[in-house]
Amino acid sequence: MPRMPESLVCEPQCTGFEHVPFNAALLGTALCAWPDGRLTFISESNHGRSVRELLKRHRVDTWRIQWQEWKVPERDRWNLRRIRGDYKSMAAALGQARRAGAERVVFCSTTNMSLLALKAEMTLNPVDCPVLTIFHAELSNILPGRHVRWQERAFELKHILRLRQPRNLRFVALGEPILQELIQQMPSQRSLWSSIDHPYLFAPGASAPPLREVQRLRFGFIGATQKGFGAFLELARDIRSEFPEAVFELVGFVNSPVPSNASDLVDGLGEMPLAREEFEARMRRLTYCVFLSDPREYQLRASGTFFDAISFLKPILGLRIPYLEYYSQRYGEFGVLTEGYSELVSVIRSVLQSFPRERYDMQRRTLCHLQDRMNPMAVGSQLAAIGAK
């Protein structure tokens, strides 16, 4: 019986539940991209178990996945102390790929030091297969205006990206709008990058039937309070002074200081992360998701609120960022994006004065279409094209 071709998928930095939804979706995507092959997923033990459980919950057939554990180096602010551990991990993964004759290696995430280690290992010990490394929020570190201590400047991500590129190494951005912004920031890197849509495991059978009735409108802030929650409190104060029946709710947890009267304005405040069942229950109750984070924070990163909105078919009311605007222009309106806070207040007042039922139903149909675009089967063809280069 011929041996199945093998792909290695490696998580070099995340532990526990961090990035579990993404890595589960990425494995589902890899299964679709390379349907005739076997995957070996290498990760920290608790992380691997969490990924496996999430795939099981979504009824993804995992018989072609082999699960392997490794130790993840501990982090520090700039990852300076983990270079030795990162190099050992990169060398181990690429050594395993050589011995197994793997067709490709995919690193699920990237840090400045893991990229330095990867480039060093691939230069000293070249590999014959494509090696893809995926970038998340750490790409924001290349933007100008970031404060960096002089001792750390040599190890900034933008400098490591510019080091000699080993043969067969390719960088992957999670979305075309992120890739375009990256090329604007570092035009010399254009030929080294590709993009895929951010994959996501959506609940099966989602549909967007017309909304039958609307009682109290509920506006939700998704995630932890450290980014954008102050503006959400201000929004709740401004709106509820005129429309006291409006409900503003936190679908997440408090991990930053909030005013003592915050619970008078926003429901659901608590310091513990929500259990999955409670998170889903709160999301289902919402009418709209609200996006109020600083747009500058999302020049080179995806928005988790966006994917929660798609998953639960909740239109977005929020500040305009290129990432959201790209998908709105390409696939249709999935909410209302505004230039600033005062315009957003006006939009929400208008919604409360006269609920736009037909427009709301159309926005939900767009979100349903986005599920078709970002599920593992759809993104699998994009990943297959990159992995074959």
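Provided above is the structure to which this section pertains.
Residues take numbers from 1 onward in each chain, read along the sequence in its written order. In keeping with the model being predicted, local features are shown solely for residues with a pLDDT of at least 70 and side-chain atom pairs are shown and tallied solely at 80 or more, while totals for entire chains, interfaces and linings include all residues. By convention in this description, side-chain values take in all heavy atoms of the structure and omit both hydrogens and water.

Q: Which parts of the structure should I look at to understand the overall build of the protein chain?
A: Per the convention used, a helix needs a DSSP run of H or I reaching at least four residues, while a strand needs a run of E reaching at least two, with both numbered from the N terminus. A count of helical and extended segments in the protein chain gives 14 helices and 12 strands. Its C-alpha atoms give the protein chain principal-axis dimensions of roughly 65 × 55 × 35 Å. Burial status follows relative accessibility: with a 1.4 Å probe on protein chains alone, a residue under 20% of its type maximum counts as buried, one over 50% as exposed, and anything between as partly exposed. When each of the 389 residues of the protein chain is scored for burial, the buried share is 54%. Should any heavy atoms of two residues lie within 4.5 Å, those residues are considered in contact. Long-range contacts, defined as pairs at least 24 residues apart, comprise 78% of the intrachain contacts of the protein chain with a sequence gap of at least 6.

Q: What's the story with the packing of aromatic side chains in this structure? I'm lost.
A: The way to describe two aromatic rings as a pair is by their centre distance and the angle between their planes. Ring geometry is summarised as follows: Phe, Tyr and Trp rings, the Trp one being its six-membered ring, pair when their centres sit within 6.5 Å, and such pairs are stacked at plane angles under 30 degrees, edge-to-face over 60 and tilted between the two. Per the counting criterion, the structure on display carries 24 aromatic pairs. Residues Phe219 and Phe248 carry aromatic rings whose centres are separated by 5.2 Å and whose planes lie at 25° to one another, so their mutual orientation is stacked. Here Phe219, found in strand 8 (residues 218-224), pairs with Phe248, found in strand 9 (residues 247-253); they are 29 residues apart in sequence, far enough to count as distant. Like Phe219, the residue Phe248 is buried in the burial classification. Members of the aromatic cluster, connected to one another through ring pairs, are Tyr200, Phe202, Phe306, Phe307, Tyr323, Tyr326, Tyr327, Tyr331 and Phe334. Note on geometry: a ring has a charge over it if NZ (lysine) or CZ (arginine) is within 6 Å of the ring centre and within 35 degrees of the ring normal. The ring of Tyr298 carries Arg301 above its face, with NZ or CZ at 5.2 Å from the centroid.

Q: Looking at this structure, I do not really get the nonpolar core. What am I missing?
A: Within soluble globular proteins, side chains that are nonpolar tend to cluster in buried spots. Counting residues in each nonpolar core, the largest one holds 66 residues, and the members touching the most others are Val105, Val131, Leu161, Trp193, Phe306 and Tyr327. If near-sequence neighbours (up to four positions away) are discounted, Val105 is found in contact with Leu8, Cys10, Leu94, Ala97, Cys129, Pro130, Val131 and Leu132. As used here, the term nonpolar core means buried Ala, Val, Leu, Ile, Met, Phe, Trp, Tyr and Cys residues forming a set that is joined through side-chain atoms within 4.5 Å.

Q: Mind showing me how you'd approach the pairing of strand 2 (residues 38-43) here?
A: In summary, the side chains of a regular strand alternate between the two faces of the sheet. Within strand 2, 6 of the 6 residues are buried, which leaves the element mostly enclosed by the surrounding structure. Side-chain alternation along strand 2 places Arg38, Thr40 and Ile42 on one buried face and Leu39, Phe41 and Ser43 on a second face that is also buried. The pairing criterion is simple: DSSP has to find at least two bridges between the two strands. Sheet analysis places strand 1 (residues 6-10) next to strand 2, joined by 5 bridges and oriented parallel. From the neighbouring strand, Glu6 faces strand 2, where its bridge partner is Arg38. After leaving strand 1, the chain enters helix 1 (residues 20-33) and then returns to the sheet as strand 2, a path that is right-handed. Pairing of strand 2 with strand 3 (residues 65-69) involves 5 bridges; the strand directions are parallel. Each bridged residue has a counterpart across the sheet, and for Ile42 the counterpart in strand 3 is Gln68. A crossover connection joins strand 2 to the parallel strand 3 through helix 2 (residues 45-57); in handedness this β-α-β unit is right-handed. Here a crossover is taken to be right-handed if, once the strands point away from the viewer, the path from the first strand over the helix to the second is traced clockwise.

Q: Help me out: how do you make sense of unusual backbone geometry in this one?
A: Glycine aside, negative phi is the norm for most residues, and most peptide bonds take the trans geometry. Of note in this structure, Arg59 is not a glycine but carries a positive phi near 60°. Relative to the helices and strands, Arg59 is located in the loop between helix 2 and strand 3. On the accessibility criterion, Arg59 (78% relative accessible area) is exposed. One non-glycine residue, Asn168, lies in positive phi territory at about 80°. Here Asn168 shows up in the loop between helix 5 (157-162) and strand 6 (169-174).

Q: Sorry if this is basic, but what is going on with the pattern of salt bridges here?
A: A side chain of one charge can pair with a side chain of the opposite charge if their charged atoms are brought near each other. Salt bridges, as used here, are contacts in which a Lys or Arg side-chain nitrogen is within 4 Å of a carboxyl oxygen on Asp or Glu. What the rule picks out here adds up to 13 salt bridges. Put simply, Glu278 and Arg282 hold a salt bridge, and the shortest N to O gap is 2.7 Å. A residue pair is termed a helical-turn pair when its members lie 3 or 4 positions apart in one helix, as Glu278 and Arg282 do in helix 9 (residues 276-285) at 4 residues. Relative accessible area serves as the criterion here: at 31%, Glu278 is assigned to the partly exposed category. Here Arg359 ties to Glu333 by a salt bridge, and the two come within 2.7 Å at their closest N and O atoms. Here the residue Arg359 occupies a position in helix 13 (residues 357-374), and Glu333 occupies one in the loop between helix 11 (322-331) and strand 12 (335-338), the gap between them amounting to 26 residues. Residue classification places Glu333 among the partly exposed residues on the basis of a relative accessible area of 24%. Residues joined by salt bridges that share partners form a network here, namely Arg218, Glu249 and Arg285.

Q: What is the right way to look at the sheet that holds strand 8 in this model?
A: Adjacent strands of a sheet form backbone hydrogen bonds with each other and so pair up, either parallel or antiparallel. Read across the sheet, 5 strands follow the order 9-8-10-11-12 without closing on themselves; strand pairing throughout is parallel. The sheet terminates laterally at strand 9 and strand 12, the two strands that pair on one side only. Looking at each pair of strands side by side, their axes are set apart by 20° on average, direction ignored. Pairing analysis gives 3 bridges linking strand 10 (residues 288-291) to strand 11 (residues 316-319), with the strands arranged parallel. Residue pairing across strands places Phe291 opposite Gly318, the latter belonging to strand 11. A fitted line through C-alpha atoms represents every axis, and for helices the fit uses only the stretch in contact; the resulting angles, taken between N-to-C directions, go from 0 to 180 degrees.

Q: Explain the packing of helix 10 (residues 304-312) against helix 13 to me, please; I cannot follow it from the model alone.
A: In helix packing, the relevant descriptors are the interaxial angle and the interaxial distance, both defined with respect to the helix axes. Two elements in contact, helix 10 and helix 13, have axes whose closest approach is 8 Å; the angle formed by their N-to-C orientations is 110°. By the angle between their axes, helix 10 is roughly perpendicular relative to helix 13. Note on element contacts: helix 13 touches helix 10 through Leu367, Leu370, Gln371 and Met374, opposite Phe306, Phe307, Ala309, Ile310 and Ser311. Note on residue classes: Ala, Val, Leu, Ile, Met, Phe, Trp, Tyr, Cys and Pro are nonpolar, Asp, Glu, Lys and Arg are charged, and everything else, Gly too, is polar. When the residues that make up the contact of helix 10 with helix 13 are grouped by side-chain class, the tally is 7 nonpolar, 2 polar and no charged. Any angle that falls under 35 degrees is termed roughly parallel, while one over 145 is termed roughly antiparallel, one within 65 to 115 roughly perpendicular, and all others oblique.

Q: How should the sheet that holds strand 4 (residues 104-107) be read in this particular structure?
A: Read from one edge of the open sheet, 7 strands run 3-2-1-4-5-6-7, paired in parallel fashion. Two strands lie at the open edges of the sheet, namely strand 3 and strand 7 (193-196), each paired on one side alone. Across the sheet, the mean angle from the axis of one strand to that of its neighbour is 25°, orientation sign disregarded. Of the strands in this sheet, strand 2 and strand 3 touch helix 2, which is tilted by about 155° from strand 3. Helix 6 (residues 176-185) contacts strand 6 and strand 7 of the sheet and is inclined by roughly 155° relative to strand 7.

Q: Would you mind going over helix 4 (residues 112-124) with me for this structure?
A: Since the α-helix packs 3.6 residues into each turn, any two residues three or four apart lie on the same face. Multiplying 1.5 Å by the residue count of a helix minus one yields the expected span of that helix. The end-to-end C-alpha distance of helix 4, which contains 13 residues, comes to 19 Å, matching closely the 18 Å that a straight helix rising 1.5 Å per residue would cover. Residues of helix 4 that are buried: Asn112, Met113, Ser114, Leu115, Ala117, Leu118, Lys119, Glu121 and Met122. Each element contacted by the buried residues of helix 4 is listed here: helix 3 (83-100), strand 4, strand 5 (131-134), helix 5 and strand 6.

Spatial relationships are all this shows, so hold off on functional conclusions.
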